[in-house]
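# What the coordinates show
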Amino acid sequence: MDLSFNETWLHKINPTLKLFTMILMFIFVLFVHQINWLINLTFGALLLLWVFSGHPKKRVSLLLIPFLIIFISTSSSMILFGKGDTTWMKWGLVHITEESFYRGLHLGFRALIFATLGLTFALTTRPVNLFYSLMQQVKLNPKYAYSFMAGLRLIPIMIEEFLTIRNAMKVRGVEQERGVRAFYFKIKSYSIPLLSQSIRRAHRIAVAMEAKRFTGERDRTYYYKLGFSLNDGIFVAYLGVLILLGYYLSVVWPLFPVGDVRY
Amino acid sequence: MNRGLKLTDILVTIVIAIGFGIVYKLWGPLYYFVKPLGLHIDQLIYGMWFMAATVAYLIIRKPGVAFLAEVAAASGEFLVGSEWGLEVLLFGVVQGLFAELVFMAFRYKRFDVTVVSLAAIGSAVGSIIMDYYKGYIEDLALWNLSLFLGFRIIGSILIAGVAAYYLVKALEKTGVTNLVRPASKQDYDALDQ
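Residues numbered from 1 in each chain as written. Chains lettered and ligands numbered in written order. Predicted model: local features only at pLDDT ≥ 70, side-chain atom pairs only at ≥ 80, totals over all residues. Heavy atoms only, no water.

## What to know about the overall build of chain B
Test applied: Each helix is a run of H or I in the DSSP string that is no shorter than four residues. Each strand is a run of E no shorter than two, and both are numbered from the N terminus. As a reference, a globule follows 2.2 Å times the number of residues to the power 0.38, and the radius of gyration itself is taken over C-alpha atoms. Buried means the residue's accessible area, taken with a 1.4 Å probe over protein chains only, is under 20% of the maximum for its type, while exposed means over 50%, and partly exposed covers the values in between. Here a residue-residue contact requires only that any non-hydrogen atoms of the pair lie within 4.5 Å. Here the open area of atoms and residues is found with the Shrake-Rupley method and a 1.4 Å probe, where only the protein chains shown may cover a residue. For the purpose of charge, His is not counted, nor are the chain termini; Lys and Arg are scored as positive and Asp and Glu as negative. Every charge is mapped onto a representative atom, which is NZ of Lys, CZ of Arg, CG of Asp or CD of Glu.
In terms of helices and strands, chain B carries eight helices and zero strands. For chain B, the succession of helices and strands along the chain, N to C, is α-α-α-α-α-α-α-α. Its C-alpha atoms give chain B a radius of gyration of 17 Å, within 12% of the compact-globule value 16 Å for 193 residues. Overall, chain B is about 65 × 30 × 25 Å in size when its C-alpha atoms are taken along their principal axes. Counting the 193 residues in chain B, one finds 60% classified as buried. Taking the contacts inside chain B whose residues are at least 6 apart along the sequence as the reference set, 74% of them involve residues at least 24 apart. Of the roughly 7,600 Å² of accessible surface on chain B, 69% is carried by carbon and sulfur atoms. Put simply, chain B has 15 plus and 15 minus side-chain charges, and the middle of one group is 7 Å from the middle of the other.

## Observations regarding the pattern of salt bridges
Close approach of charged atoms lets side chains of opposite charge pair. Residue and element names in this part refer to chain B. The criterion, for reference: Definition used for salt bridges: Asp or Glu carboxyl oxygen within 4 Å of a side-chain nitrogen of Lys or Arg.
This structure, assessed with the given rule, holds 10 salt bridges over all chains. Linking arginine 110 and aspartate 112 is a salt bridge whose minimum nitrogen-to-oxygen distance equals 3.0 Å. By relative accessible area, aspartate 112 is classed as partly exposed at 22%. Between arginine 152 and aspartate 131 there is a salt bridge whose closest N-O contact spans 2.7 Å. Of this pair, arginine 152 sits in helix α6 (residues 142–172) while aspartate 131 sits in helix α5 (residues 113–135), placing them 21 residues apart in sequence. For the pair arginine 152 and aspartate 131, one class covers both residues: buried. One continuous salt-bridge network, built from bridges that share partners, spans Glu87, Asp131, Lys134 and Arg152.

## Describing the packing of α5(B) against α6(B)
Residues and elements named next belong to chain B. Note the threshold: Here an axis means a line fitted to C-alpha atoms, over the contact stretch when the element is a helix, while the angle between two N-to-C directions is reported on a 0 to 180 degree scale. For this classification, under 35 degrees means roughly parallel, over 145 means roughly antiparallel, 65 to 115 means roughly perpendicular, and everything else is oblique. When the near helix sits turned anticlockwise from the far one by under a right angle, the crossing is termed left-handed; a clockwise turn instead gives a right-handed crossing. Residues are grouped as follows: Ala, Val, Leu, Ile, Met, Phe, Trp, Tyr, Cys and Pro are nonpolar; Asp, Glu, Lys and Arg are charged; every other residue, Gly included, is polar.
At a minimum axis distance of 8 Å, the contact between α5 and α6 shows a crossing angle of 140°. Considered as vectors, α5 and α6 are oriented oblique to each other. Seen along the crossing, α5 lies across α6 with a hand that is right-handed. Across from Val113, Val116, Ser117, Ala120, Ile121, Ala124, Ser127, Ile128 and Asp131 in α5, the residues of α6 making contact are Phe148, Leu149, Arg152, Ile153, Ser156, Ile157, Ala160, Gly161, Val162 and Tyr165. The class makeup of the residues in the contact of α5 with α6 is 13 nonpolar, four polar and two charged.

Listed below in structure tokens is the structure:
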């Protein structure tokens, strides 16, 4: 599997700054109740992902498929069962109103923008850089940062172990049964060895780190030094302009004839 | 006795949590494929996303572990590219906090199925508060909202409460928990004899 990508300016942003800016954006979006504004913001976020992620368009498209399902599943409950006055359709328990429809759509776009920002972050940030940056810029305790980095390194080992267990059961001819008991057996026969081995391994790593004089002191040297650059400014400016321009456009050219979606 | 978290505790907690982070990520597709069945059936499996906190707490039995585990699991899920993106990170923080508060209320002295179930309910309440801000859930019709809340809480008790308890019970038989748990009063008494 080829997972290569081009480095763009999004990759060069300081990871801590990127994370905190996106969290602020997340909280800001929670207070946006105008559907037209939210749609403009979502398209701005999608544009950032599509053009600047540095990953092949095919891969980005594949990753976007679940977003569509989430969009539908998030909006459907509210559309079908939400409160509202202007009835469009009533069928048994289902009651679609104009208000619930737009509110549902709003929730769908909200899920979409969160997912887009999250994926943009995940696709353009190396976890190692993130934790080094958190230690340097916000003084995260190195005990936590290095534990995270060691933990992420263990993921491939966990996957390998999972495959080993599966193969071992196949070789020994463990029957694939159906029903609740078989499901319980399956969960147990995978989770217990995986968990216990992971705990043993983590324990060994911790002992080894302490034996090599890892103390978790904040006053230490770093192999990777991360600072700030012009790219950080561009990123913050992009989101700032997006918020203002998105609001302006939503007033001038509203897509839907509704304002606040709350009941 | 020093009750703070040592490197071993942190590392073991985070490794367990990252394992759960992968489970959380895989749980996503299951969740949204169950969702179209309607009537909030999906809420019954929501409790899986609270499990890291209770399992880690039962294994390590120290203050702060539940919160750290839930945050770490959410971070793991976020970093491998969750469909919900940033949302999971903030939900993780709130869910972990609420589970931790329940364990704190019992002064970190009880490890039975009741307390763990209460912590699971705590996480569920935390997630419902987040959904209140994010999903306008108060604007659902009343019968529908009650179904939503009821299913989420039942699901979290079953998965993050009862199932987590029995999972760790089974894990204890492997002896691996003795590596990481603090020495209990019984251990000291055994030395005196």
